[in-house]
Amino acid sequence: MKDVLKALGNSILKTPLGLLITIKHLFKKPVTLDYPRKKKPMAPRYRGRHYLERYNDGTERCVCCGLCAASCPADAIYMEPEETEHGERRAKVYEINLLRCIFCGFCEEACPEEAIFLGQEYEFSDDNRDSFIWTKEQMLVPHPRKDNPFKKIIRRVRKVYGVTDKNR
Amino acid sequence: MSVEKTVTINMGPQHPSTHGVLRVLLELDGETVVKARPIVGYLHTGIEKTMESKLYYKALPCTDRMDYLAPMSNNLGYCLAVEKLMGIEVPDKVKWARVCLAELTRVNSHLVWLGTHALDLGAMSMLLYTFRERELILDIYEACGGQRMMTSYIRIGGLAHELPKDLDAKVRKMVKTIRERMHDYETLLNNNQIFINRTKGVAVISADDAINLSLTGPMLRGSGVKHDLRKDNPYSGYENFDFEVPVGKHGDAYDRFLLRLEEIRQSLRICEQAIDGMPEGPYRTHVPGVVLPLKEDVLYKMESLIFHFKLVTEGFKAPVGSVYQGIESPKGELGFYITGDGTNKPRRVRVRPPSFINLASLPKLCEGRMFSDVVCAIGSIDIVLGEVDR
Ligand code: SF4
Ligand code: SF4
């Protein structure tokens, strides 16, 4: 009998309180975003698609040392070296298979030349698998850098790793 | 001719309330469950085996992917085990930060559990509210490690990066918001007659049975056994924190619900303490050849660069021997048993997954009860199939 009374009390007195909370939410500003039109800014450390960095004069930073491939838990990186006419080593082929990549950021951490870093883009979708194999040309930042984001990214990455010297 | 009195049916593997791909073979007599057998393996990824073929530091991202609702706990368990094997001590700041992150993870996991469990029982709006709060925690993860779910932030010997500058403010804001919203959850569910009818006295397990089935976490504490590795066998500096271990009385789904809500409160307390008392210091130990040197040193110092090269390409060699490290993950005792054989890869990494072992109690929870209680039982065990199957 006591249980029944309690249950009755709950249903009549307490349940409207719960309903009140739900009704209150009707008048609140929605917390969701209108996604494809509005995007959430990603955190500075966000690990999105890869970029290959250049020096200020436009030469590639990557020397094809293979550390990024060695540290990659998913074996997503493939590279072949070559020499430039000045005798400098660089990558002839540098490919990342974004379907294998797990975006762990180990390559960025391993690179001793600050050549590879993970950017903020996260929207990759396509209808064939081949287009997920990203080549050097696709990942290298454009040479005269007009776009601001490319200027900022290396500074951002340096901040994350606590590298102070700005002149490199 | 004899007539079969029972009917055997399959629940899952694509049933929405089995939280993934669990299959339960049920033998029913009318509406009563005569026999229930959980069948696992539909999400088998071979993570344990994969870890054997990877260098110690490269096996870390695998752990994120087991219990994907509690990535930091898994990272912590693995790193503590490897650190034990290698005999590495970490600075105080790392310990504090790890405690804070592990407790955030507990809140995260319990919030998702609360939302999905209530959803299974018909309370739709809970899911929307808890996911809204969880977003705050995922933002903190993203600010720390750069990813929202697969963080890989806790590393062998410390953390991946320095803690973000605004961690303090973010955690405080999160703690404040969730504390306020907990009142909403309680108003919505604690006295909701439908929720009470569907959870009180359902999926009961006695303390003896719980111990015999070696259940851990809220499943064990819900039956009144006060066992929590954070208190009983402290790791990562938990002995410095002031918190309580809540226990239930009846061992039913309703008690476990109350208990998990209380655990969220206690976790928020620990988070605050960790943020308040965060010591100064480096975010990584300095053990050349085992822990990556700082990036700045790699760029400017020859020796660091050599150690960096050697570590990245060859990893480090662990001594011969086995270690076991258990931690209190949101779902129970998560243990890593690692055997090193003197090479740079583990010989065996055995994970003691709390979800898997807790799932073994499913027959005890549902047999002899009504068919519709099976959903409540599965929900209140709190399983993540990624961890069950590994
Ligand atoms: S990206 Fe960096 S680590 Fe990878 S090959 Fe180039 S220089 Fe070496
Ligand atoms: S982010 Fe991780 S998985 Fe992807 S290429 Fe870099 S190291 Fe490999």
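Residues numbered from 1 in each chain as written. Chains lettered and ligands numbered in written order. Predicted model: local features only at pLDDT ≥ 70, side-chain atom pairs only at ≥ 80, totals over all residues.

## Some remarks on the confidence of the model for chain A
Thought 1: Looking at chain A as a whole, the pLDDT averages 81, with 89% of positions reaching at least 70.
Thought 2: The weakest mean pLDDT in chain A belongs to helix α5 (residues 148–161) of chain A at 66; the strongest belongs to helix α2 (residues 67–71) of chain A at 89. (pLDDT = per-residue confidence, 0-100. Helix = DSSP H or I, 4+ residues; strand = E, 2+ residues; numbered from the N terminus.)

## Description of the site of ligand 1
Thought 1: Looking at ligand 1, there are 13 residues lining it, with A:Cys62, A:Cys65, A:Leu67, A:Cys68 and A:Cys111 nearest.
Thought 2: When its residues are assigned to classes, the shell around ligand 1 shows 11 nonpolar, one polar and one charged. (Near = placed C-beta within 6 Å. Nonpolar A, V, L, I, M, F, W, Y, C, P; charged D, E, K, R; others polar.)

## What about helix α4 (residues 92–120) of chain B?
Residues and elements named next belong to chain B.
Thought 1: Compared with an ideal rise of 1.5 Å per residue, which puts 29 residues at 42 Å, α4 spans 42 Å between its outermost C-alpha atoms and is within 8% of the ideal.
Thought 2: The element α4 is largely enclosed, with a buried count of 25 among its 29 residues.
Thought 3: Once α4 ends, the next one or two residues include Gly122, with phi positive near 100 degrees. (Expected span 1.5 Å × (residues − 1). Buried ≥ 20, exposed ≤ 12 C-beta atoms within 10 Å, placed from the backbone.)

## Focus: the sheet that holds strand β2 (residues 23–29) of chain B
All names here are of chain B.
Thought 1: The strand order β1-β2-β3 describes an open sheet built from three strands, whose pairing is antiparallel. Edge positions in the sheet fall to β1 (7–11) and β3 (32–39), since each of these pairs with one other strand and no more. Averaged over all pairs of adjacent strands, the angle between strand axes in this sheet comes to 20 degrees, irrespective of strand direction.
Thought 2: Relative to β2, β1 runs antiparallel, the two being bridged by five bridges. Across the sheet, the residue bridging to Asn10 is Leu25, located in β2. (Pairing = 2+ DSSP bridges. Axes fitted to C-alpha atoms, helices over the stretch in contact; angles between N-to-C directions.)

## A word on the site of ligand 2
Thought 1: Around ligand 2, the surrounding shell holds 14 residues, and the nearest of these are A:Cys72, A:Cys101, A:Cys104, A:Phe106 and A:Cys107.
Thought 2: Residues belonging to the shell around ligand 2 are distributed by class as follows: 12 nonpolar, two polar and no charged.

## Notes on the nonpolar core
Residue and element names in this part refer to chain B.
Thought 1: Counting residues in each nonpolar core, the largest one holds 132 residues, and the members touching the most others are Cys100, Val374 and Ala377.
Thought 2: For this core, the leading source of residues is α4, giving 14 residues.
Thought 3: When we break this core down by domain, the ones giving at least three residues each are domain 1 (7–39) and domain 2 (47–389).
Thought 4: Those residues within four positions of Ala377 in sequence are excluded, and the remaining contacts are Ala203, Leu362, Leu365 and Cys366. (Core = buried A, V, L, I, M, F, W, Y, C linked by C-beta atoms within 7 Å. Domains from an automatic or database assignment. Contact = placed C-beta atoms within 7 Å.)

## With respect to the packing of helix α3 (residues 71–86) of chain B against α4(B)
Packed helices, taken two at a time, are described by the angle between their axes plus the distance between the axes.
Residue and element names in this part refer to chain B.
Thought 1: Where α3 meets α4, the closest approach of the two axes is 7 Å, and the angle between their N-to-C directions is 140 degrees. Classified by the interaxial angle, the pair formed by α3 and α4 is oblique. For the pair α3 and α4, the contacting residues are Met72, Ser73 and Leu76 in the first and Arg98, Leu101, Ala102, Leu104 and Thr105 in the second.
Thought 2: When the residues that make up the contact of α3 with α4 are grouped by side-chain class, the tally is five nonpolar, two polar and one charged. (Parallel < 35°, antiparallel > 145°, perpendicular 65-115°, else oblique.)

## With respect to the interface of chain B and chain A
Interfaces are often sized by the amount of accessible area the parts lose when they come together.
Thought 1: On the chain A side, the residues contacting the 31 residues of chain B number 30 residues.
Thought 2: Contributions of two or more residues to the side of chain B that touches chain A are made by α5 (124–145), α6 (167–189), α12 (295–300) and α13 (302–314) of chain B.
Thought 3: For the side of chain B that touches chain A, the class distribution of residues is 11 nonpolar, 12 polar and eight charged.

## Looking at the confidence of the model for chain B
Thought 1: Model confidence for chain B is summarised by a mean pLDDT of 87, while 99% of its residues fall at 70 or above.
Thought 2: The ipTM, which scores confidence in the relative placement of chains, is 0.83 for this predicted complex, and the corresponding pTM is 0.89.

## Things to note about the domain arrangement of chain B
Residue and element names in this part refer to chain B.
Thought 1: On domain assignment, one finds that chain B holds domain 1 (7–39) and domain 2 (47–389).
Thought 2: Computed from C-alpha coordinates alone, the two centres of domain 1 and domain 2 are separated by 28 Å.
Thought 3: Taken together, the contact pairs 18 residues of domain 1 with 17 residues of domain 2.
Thought 4: Where the side of domain 1 that touches domain 2 is concerned, the elements lending two or more residues are β2 and β3.
Thought 5: In terms of residue count, the dominant contributor to the side of domain 1 that touches domain 2 is β3 (seven residues).
Thought 6: Class assignment for the residues of the side of domain 1 that touches domain 2 results in 10 nonpolar, five polar and three charged.

## A short note on the sheet that holds strand β8 (residues 346–352) of chain B
All names here are of chain B.
Thought 1: Spatially, three strands are ordered β6-β7-β8 in an open sheet, and the strand pairing comes out antiparallel. Sheet topology places β6 (321–329) and β8 at the edges, where each strand pairs with a single neighbour. Neighbour to neighbour, the strand axes of the sheet diverge by 15 degrees on average, direction disregarded.
Thought 2: Bridge count between β6 and strand β7 (residues 332–340): nine bridges; the pairing is antiparallel. If you follow Val323 over to β7, its bridge partner there is Ile338.
Thought 3: Lying over the sheet, α3 contacts β6 and β7, oriented at roughly 150 degrees with respect to β6.

## Some thoughts on unusual backbone geometry
Thought 1: Look at A:Cys64: it is not a glycine, yet its phi comes out positive at around 60 degrees.
Thought 2: In this structure, B:Ser236 is a non-glycine residue whose phi angle is positive, near 50 degrees.
Thought 3: Assignment of secondary structure puts B:Ser236 in the loop between α10 (229–232) and α11 (253–276).
Thought 4: Residue B:Ser236 is classed as buried on the basis of its C-beta count, with 22 C-beta atoms lying within 10 Å.

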